[in-house]
Amino acid sequence: MDKEHTKTQLYELSHRSLAETIVETGFLVLIAVTSLIGNALVLFVFYKSPRLRSRVTSYYIITLAISDVLLSTIVMPIGIAGAASGRDIFGSKTGEGIQWVYTELVFGSVLTTALIAVNRFFCVTKPSIYRKYFKPRPAKITIVSAWLFSLTFIAVMYLSGMCTFEFYPGCFMHFPSFRDQITANVIGVSYQMLFAVVPLIITVVCYWKLYKHVKSHNVQVTSNLNAANEVQVPTLSKEEIAVTRSLMALVCGFIVCWIPCSTVFHLATYINLPRRVEAIIVYTSFASSAINPIVYNVFNKPFRRQFLRVCCHPMQNQVIAGGSELSNVSSAKTYQRGA
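How each quantity is defined
Residues numbered from 1 in each chain as written. Predicted model: local features only at pLDDT ≥ 70, side-chain atom pairs only at ≥ 80, totals over all residues. Heavy atoms only, no water. Helix = DSSP H or I, 4+ residues; strand = E, 2+ residues; numbered from the N terminus. Buried < 20%, exposed > 50% of the residue type's maximum accessible area, 1.4 Å probe, protein only. Areas by Shrake-Rupley, 256 points an atom, 1.4 Å probe, with all protein chains shown as cover. Phe/Tyr/Trp six-rings, centres within 6.5 Å; stacked < 30°, edge-to-face > 60°. Expected span 1.5 Å × (residues − 1). Arc of directions from axis to C-beta. Contact = heavy atoms within 4.5 Å. pLDDT = per-residue confidence, 0-100. 1 Å grid on protein atoms, 1.4 Å probe; cavity = no way out; pocket = protein on both sides within 12 Å on 5 of 7 lines; lining within 4 Å. Points joined across faces, edges and corners; volume = space filled by probe spheres on them. Nonpolar A, V, L, I, M, F, W, Y, C, P; charged D, E, K, R; others polar. Pairing = 2+ DSSP bridges. Core = buried A, V, L, I, M, F, W, Y, C linked by side-chain atoms within 4.5 Å. Patch = residues over 30% accessible without salt bridge, like charges linked within 9 Å, V, L, I, M, F, W, Y side chains within 5 Å. Salt bridge = Lys/Arg side-chain N within 4 Å of Asp/Glu carboxyl O.

K.L.:
Could you clarify how one ought to interpret the overall build of the protein chain in this entry?
P.N.:
A count of helices and strands for the protein chain gives 12 helices and two strands. Counting from the amino terminus, helix and strand elements in the protein chain follow one another as α-α-α-α-α-α-α-β-β-α-α-α-α-α. The proportion of buried residues among the 339 residues of the protein chain is 45%. Approximately 17900 Å² of the protein chain is accessible, and the part contributed by carbon and sulfur atoms is 67%.

See below:
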């Protein structure tokens, strides 16, 4: 952490124009509200739909949704307060605690997206292996293991004294500050490999193979439909393809957000970046939490139908009940006039 650079950024942050303060803070508020409402609705739909919860993939989606709700309720308000006030108003102890939570949610979510890619790969390309090994209990174990691994990495990094958490004006929050450049390089490379490069490679490879498999499958199905007296190949269900596409869109959006975030974070360990560039870390990492509900409602038709049924059905019942009540009143009045 370059103290002089931080002082310069803190001065810039505290002397922003009113318009710039409103824009920076308002964007964070918009992301937080979208993430909270959207992910809360996702969890509500899963709660009201036992059939959706029965899928193994649902454990990963529910985990991401819970993580995003916690991010929007615990971490984002701290960033919003820092952006609005232009200073650290909570102090080092609160900042350290929030950064622990933030880092754990970030690392755990990244590893969970890689697990989603592996799950979809075996579900579509290796169905026999998937049915044998990918059951609810192993899925829960892998999720818990991934989050414990990320928590262990954070604990070792902090409790060993290799880093502390300092307020970074460019990010409106506390972030890791390493004791020397060598430590920063080692931790930076370790972080990039374990929570960026390796999960990204796994995700890209799995979805690339998925894309090729689905494309080949569609060609085979089309050729069999056009040929007479041919033995048709087993077809993938439309629901499985829809779920795979929605999860692919979810992971792609997640990657789009996290590539610039991790890149800027890694560069900041070597060089001093302008305050607005460092702010990319917060904006993109927060924005990734709002992707889950949007993608799931846009790309996943089964989930969208269930979402509309769960959220709109009570309103429809009220309309029908109200209409029935009015009809009964009208009938009673007609009967009285006739009598």
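K.L.:
I tried to follow the packing of aromatic side chains on my own but got confused; where do I start?
P.N.:
The relative placement of two aromatic rings is captured by the distance of their centres and the angle of their planes. A full pass over the atoms with the stated rule returns 17 aromatic pairs. Taken together, a centroid distance of 6.0 Å and an interplanar angle of 65 degrees make the contact between phenylalanine 107 and phenylalanine 153 edge-to-face. Taken together, the residues phenylalanine 107 in helix α5 (residues 91-125) and phenylalanine 153 in helix α7 (residues 136-159) connect sequence positions 46 residues apart. When its relative accessible area of 6% is taken as the criterion, phenylalanine 107 is described as buried. Accessibility expressed as a relative area gives 15% for phenylalanine 153, which makes it buried. Ring geometry for phenylalanine 149 against phenylalanine 195: centres 5.9 Å apart, planes inclined by 35 degrees, an arrangement best described as tilted. Residue phenylalanine 149 is found in helix α7, and its partner phenylalanine 195 is found in helix α8 (residues 181-226); the two are separated by 46 residues along the sequence. You can call phenylalanine 149 partly exposed: its relative accessible area is 41%. Through successive ring pairs, a cluster of aromatic residues spans Tyr102, Phe107, Phe149, Phe153, Tyr168, Phe175, Tyr191, Phe195, Phe265 and Phe286.

K.L.:
Even after reading the chapter, I still don't get the environment of arginine 120, so can you show me in this structure?
P.N.:
Within the secondary structure, arginine 120 sits in helix α5. For arginine 120, a relative accessible area of 1% translates into the label buried. Between the alpha carbons of arginine 120 and threonine 57 there is a distance of 8.0 Å; along the sequence they are 63 residues apart.

K.L.:
In this structure, what is going on with helix α1 (residues 3-14)? I would like to understand it.
P.N.:
In an α-helix there are 3.6 residues to a turn, and that puts residues three or four apart on one side. In a regular helix each residue adds 1.5 Å, so 12 residues correspond to 16 Å; α1 covers 16 Å between its end C-alpha atoms and thus fits that length. Considered for burial, the residues of α1 that qualify are His5, Thr6, Gln9 and Leu13. Along the long axis of α1, the arc covered by the buried residues comes to 95 degrees, so they all point the same way. Turned more than 90 degrees off the buried face of α1, the exposed positions are Glu4, Lys7 and Tyr11. Along its buried surface, α1 packs onto α4 (56-85), β1 (163-168) and α10 (275-287).

K.L.:
Could you clarify how one ought to interpret the confidence of the model for the protein chain in this entry?
P.N.:
Regions with low pLDDT should not have their predicted coordinates read in detail. Per-chain confidence: the protein chain averages 80 in pLDDT, with 80% of residues scoring 70 or above. Element-level mean pLDDT values for the protein chain span from 54 in helix α12 (residues 301-338) up to 93 in α4. With pLDDT under 50 throughout, residues 228-233 is counted as low confidence; its partners more than four residues away or in other chains account for seven contacts. Across residues 315-339, confidence stays below pLDDT 50; counting only partners more than four residues off in sequence or on other chains, it has zero contacts.

K.L.:
It is not clear to me how empty space enclosed by the protein should be interpreted in this structure. Could you clarify?
P.N.:
Which parts of space are left empty comes out when a probe the size of a water molecule is rolled across the atoms. A complete count under the given rule lists five cavities of 30 Å³ or more for this structure. Its volume calculated, the largest cavity comes out at about 200 Å³. Lining the largest cavity are 17 residues, and of these Thr103, Phe107, Phe175, Tyr191 and Phe265 sit closest to its centre. In the lining of the largest cavity, the residues fall into 14 nonpolar, three polar and no charged.

K.L.:
I'm lost on the pairing of β1 in this one. Help?
P.N.:
Taken residue by residue, a regular strand's side chains alternate between the two faces of the sheet. Examined bridge by bridge, β1 and strand β2 (residues 173-178) share six bridges and lie antiparallel to one another. Its bridge partner lying in β2, threonine 164 is registered against serine 177.

K.L.:
Even after reading the chapter, I still don't get the nonpolar core, so can you show me in this structure?
P.N.:
Side chains of a nonpolar character, in soluble globular proteins, are inclined to be buried together. Membership of the largest hydrophobic core comes to 76 residues, with the highest contact counts inside it found for Leu28, Val75, Tyr102, Phe175 and Phe286. Counting residues per element, this core draws most heavily on α5, at 12 residues. Residues contacting phenylalanine 175, with those up to four places away along its chain left out, are Gln99, Tyr102, Thr164, Phe165, Glu166, Tyr168, Phe265, Ile281 and Val282.

K.L.:
Help me understand the environment of glutamine 9, please; the structure alone is not making it clear to me.
P.N.:
Mapped onto the elements of the fold, glutamine 9 is located in helix α1. Sequence separation of glutamine 9 and proline 169 is 160 residues, and the distance between their C-alpha atoms is 5.8 Å. If we ignore the near neighbours within four places in the chain, the residues touching glutamine 9 are Pro169, Gly170, Leu273, Pro274, Arg275 and Glu278.

K.L.:
Honestly, the layout of surface pockets in this entry has me stumped. Any pointers?
P.N.:
When its volume is computed, the second largest pocket comes out at roughly 250 Å³. Looking at the second largest pocket, it is lined by 19 residues, and the ones nearest its centre are Val110, Phe195, Ala196, Leu200 and Trp258. Contributing elements (two or more residues each) for the lining of the second largest pocket: α5, α8 and α9 (238-268). Examining the composition of the lining of the second largest pocket, we find that eight residues originate from one element, α8, more than from any other.

K.L.:
Sorry, what's going on with a nonpolar patch on the surface here?
P.N.:
Taken together, the side chains of Phe149, Val189, Met193, Leu194, Val198, Ile202, Leu267, Tyr270 and Ile271 present a nonpolar region at the surface, about 730 Å² in accessible area. Considering each element in turn, the nonpolar patch owes the most residues, five residues, to α8. Considering the arrangement of structural elements, one finds valine 189 in helix α8. Residue valine 189 is classed as partly exposed on the basis of its relative accessible area, which comes to 43%.

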